[in-house]
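Per-entry structural report
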Amino acid sequence: MTGGRGGGASSGRARHRAALHGRDDELQVIGECLDWAARGSGGTLLLEGPPGMGKTRLLDEAGAMALQAGVRPLRGAGYDGRQTTPFAPLLEASAGSDPPIMAPDRARQLTETPYWMLHELQGALEAAASQSPLVVMLDDVQWADTATLMALGTLPSWLDGTAILWILTARRGEGRAHVQDALARMGRDGAHRLEIGPLSEEAVAAIVADRLAAPPDAPLLELAGQALGSPFLLLELLDGLREEGCLRTEQGRVVLVDERLPRRLTDSMRQRLDRLPDDTAQAVRVASVLGHRFRVAHLAAMLGRSPSALVVPVEEALSTDLLVAEGDQLRFRHDLLRQAVRETLRPSVLRALRGQAAAVMLESGAAAVEVAQYLGESAEIGDREAIARLREAARTLSASDAAVAADLSVRALELLPADDPDRGALAAETVMRLHSAQRPDDARALGRRALAGVRSPEEAAEVRLSLSKNLFRSSVDRLEHNRAALELPGLSPLMRARHQGWLSYNLAAAMRIGEAEAVAREAMRSAQRCDDLEALTSTTIALAVVEGTGGAFLAAARRLEALRPRVERSGDGEYAGLIEHHYVNVLTHLGRLDEAMAVLTHGVEKGQRERSTFWLGSWLRYGSLLRLAAGRIADARAEAESTDTPVSEAASGDMTSMAALLTLTDVGMRTGDAKLLKATADVAQRVPEDATPLLSRYGTWILAQVAIARDDLSGAAELLQADGLPYSAPFLPGDAGHPPIVARVALAVGDWALAGRAAAAAESFARQNPGVVTVSAIAAQTRGLVDGESAPIVEAAQRLRAGRQPLLFAAAAQDAADALVREGHVRAAVELLGEALEVSVECEAGADARRIGRRLRRHGIRRSLPPQERPTSDWAGLTTSELRVVRLVADGATNREAADRLYLSPHTVSSHLRHAFTKLGINSRIELVRLAALEQVPGEG
């Protein structure tokens, strides 16, 4: 063993190292991380390795080291079979600490609302870390529930800069695919991954000597080597040999008197159980079916005995170190022990015990989600109660843990007889669950099997309906399922109406506008006859898309407003999310940006409450377009970059990711970020050739924007000459503002036909939306550009000046200035350019501001301009948005409080804060407060 470092906490670490052989390097890393935490910096340390390598023991040491370093430890763990309990490890760590950092009752109330739980946890951890540095230690993350994995993917970044160290342990290669994906993502996000491998021969020898209180002889060391460096197996082997009388001490050394090879762990466990009294062995075997933790009352019910009759067996199990007590519950000392005990049971017995466990838990009032896995493992085909419980549990978990929900739904379908009339409906449910769990291949395969096995057209239509509603898939693929279903004979009017509605919607989403309108008119009549909300919603949205794509924003808004109250009353989050997304679009086109932002905020909150990952991600990405429209460029970029892999998802055809990509392209142009523009252009070029027309159009639009940024106006014009680009087919927020851009490019290269089409499109929008200032102003601006007249462009700038979209005003002001200069009105032009410059600087559009500044210099006016590149350090390097966040945080605001004050999402605040820390050369909130106390934080201007 190596000696410890001298002084303070380090000497304490040396003492702990002496009791833990062969882990000096690991303890060194843990010690350094704890030192960082004690100084106010956080981070994530992921300890990975096979089972039995001593990861839990390292956490024990880390907890002791933390106390000596002045860092408060919080401890929790994931358990096999407890994945249906949201946030279980984090609740154990936070609500189970002494004193708890979250009130246990409050924590339990929030488990069904992950959004609020995340933010409550964030606030509680921030508050606790402000009192004392923290280390959050979570064991066996491979068994964590999806809500916990989601939290681990967000909380460390949200709390970046706080004195919180995260130490997680996981069995490498174990757990479901999404667990492995989450662990890999943690590594990409900066977590330090430390592999905990087998012990060295020297460490094994030292452990043998410690465990047996004497050095071993050579045969014993050779036998100990059969444990393959696993501390757990090694200790089990040594304890088993000692208990079985295979060891003897001679002349100060431990001698192996029986040279047989070590038994398999299950054989050893069977023998250990056989040596226990019958009552105790039976209790331990039955307990292994109840999970890692269990209540004595449940064990008593399983055994058909009173709790008082288990006093002696439980005490004997505790004394043999098979079980340990934790509060009012018992657990196995190590999950490998529980697994070994379970393997001593015959499969038929194990299956029956699982069924009994489910019944016992149901009788005690347990929720379906708690017993679903027991039912799934024990039920026989045709077990109606098990199927119903599994479906109920899948519905409950569908938003919070899509992966488990999909597994439960698959199991329910497996238990349903092939000829059951409910099979089509359950297959449809399961297909949707698999898609939500991001298992598209499984979903498609199940869909094919379900379609091959259905016995009636109605069942086939039910399955195809579920496939047509899956928004993760291409709209072209979806609409083919509607068409195939509508060709089936004998469909019920309700099923036909729903397929017609979704066909019209999917056609509209694919931008097949003429077909969509024709289908939607018939679909609306069918939906009204059935008075079915699903059919009414899909058809109404389809007609609104048709109207909005043609520029009839007022008509689309009125259509959606008529149905929104009924959808909201229904409580159906899927339909509400769909209709609200399209409502935000038309509100933005109408210039009602405050209302659009209110709908967005409500949508985000609702998506978080209902734990809808799909809708939440969609709202956040659409939010980036709204923030861009409001001139909040830095916030728009942070929002667009805050969700996972928007760039790669846009390349694969995801529409909401394309929205984020459009935001990033515009931000790159306005800030002069060449790297960002190159990245977005690379993605736009990779949009699949068979993508929907809408995706192809946006890919082309992005490439045209990048060409404009490079002053390649000929290349931009060539891209824009195709019919039906977004400037003439509005779909996303901001599209109605494209005509002036197209007209500018067309005029620069002498393409009068293209310029005329841009003006005609803008004027068509204005005619269909009388009284809408933004739309009429853009029409006047575009027509003025094409006709070369200043008056309509000046009038457009004046109308847009009072609006809530400052970047539209700045663009119109520049166009008006150009026209005024041509007519000799230089003073008026300079005034407008000065206003445009102020707006651009305020919006942090540095490239726009520098371009305007160069034009002012041509008229003899010099203004202070933002630099080509901001400083990479010090206060001068902070953007206005970063400064706003820094000032609030320096005054003691949490991320959530800052987000509420600034009308941002917490992860956007966290993104700003991380960038600010990097520029200021600091690592934590504590350092920020100290720096702010020493140096006055600059103002926003």
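Below is a short write-up of the structure. A quick note: this is a predicted structure, and the numbers were derived from the prediction, not measured. (Residues numbered from 1 in each chain as written. Predicted model: local features only at pLDDT ≥ 70, side-chain atom pairs only at ≥ 80, totals over all residues. Heavy atoms only, no water.)

We now examine the sheet that holds strand β1 (residues 43-49). Spatially, β2-β3-β4-β1-β5 is the arrangement adopted by the five strands of the open sheet, whose pairing is parallel. Each end of this open sheet is capped by a strand with a single partner; those strands are β2 (72-77) and β5 (192-195). Here the strands of the sheet are splayed against their neighbours by 15° on average, with no regard to which way each runs. Pairing geometry for β2 and strand β3 (residues 134-139), over six bridges, is parallel. (Pairing = 2+ DSSP bridges. Helix = DSSP H or I, 4+ residues; strand = E, 2+ residues; numbered from the N terminus. Axes fitted to C-alpha atoms, helices over the stretch in contact; angles between N-to-C directions.)

So, on to unusual backbone geometry. Glycine aside, the phi torsion of most residues is negative, and most peptide linkages are trans. Its identity is not glycine, yet Asp140 carries a phi of approximately 50°, on the positive side. Along the chain, Asp140 turns up in the loop between β3 and α7 (146-158). Owing to a relative accessible area of 14%, Asp140 belongs among the buried residues under this scheme. The backbone phi angle of Asp531 is positive, close to 50°, even though this residue is not glycine. (Buried < 20%, exposed > 50% of the residue type's maximum accessible area, 1.4 Å probe, protein only.)

Geometry of an aromatic ring pair is reported as the spacing of the ring centres plus the angle between the planes. In total, this model carries two aromatic pairs according to the counting rule given. Taking 5.8 Å as the distance between ring centres and 80° as the angle between the ring planes, the aromatic pair formed by Trp502 and Tyr505 counts as edge-to-face. Here Trp502 and its partner Tyr505 are both found in helix α25 (residues 493-509), three residues apart, which amounts to about one turn of the helix. A relative accessible area of 1% places Trp502 in the buried class. Taken together, a centroid distance of 5.8 Å and an interplanar angle of 55° make the contact between Phe553 and Phe765 tilted. Here Phe553, found in helix α28 (residues 553-570), pairs with Phe765, found in helix α39 (residues 752-768); they are 212 residues apart in sequence, far enough to count as distant. Assessed through its relative accessible area of 0%, Phe553 is described here as buried. Phe765 gets classed as buried once you look at its relative accessible area, which sits at 4%. (Phe/Tyr/Trp six-rings, centres within 6.5 Å; stacked < 30°, edge-to-face > 60°.)

Packing of helix α13 (residues 278-290) against helix α14 (residues 296-303) brings their axes to within 10 Å, and their N-to-C directions diverge by 115°. Taken together, the axis directions place α13 and α14 in an arrangement best described as roughly perpendicular. The element α13 and its partner α14 pack so that their crossing is right-handed. On the side of α13, the interface is formed by Gln282, Ala283, Val286, Ala287 and Leu290, while α14 contributes His298, Leu299, Met302 and Leu303. (Parallel < 35°, antiparallel > 145°, perpendicular 65-115°, else oblique. Left-handed = near helix turned anticlockwise from the far one by under 90°. Contact = heavy atoms within 4.5 Å.)

On the surface, a cluster of positive charge is contributed by Arg854, Arg857, Arg858 and Arg862. Examined against the element boundaries, Arg858 turns out to sit in helix α44 (residues 846-858). In this structure Arg858 comes out as exposed when scored by relative accessible area, which is 63%. (Patch = residues over 30% accessible without salt bridge, like charges linked within 9 Å, V, L, I, M, F, W, Y side chains within 5 Å. Areas by Shrake-Rupley, 256 points an atom, 1.4 Å probe, with all protein chains shown as cover. Salt bridge = Lys/Arg side-chain N within 4 Å of Asp/Glu carboxyl O. Lys, Arg positive; Asp, Glu negative; His and termini not counted. Charge placed at Lys NZ, Arg CZ, Asp CG, Glu CD.)

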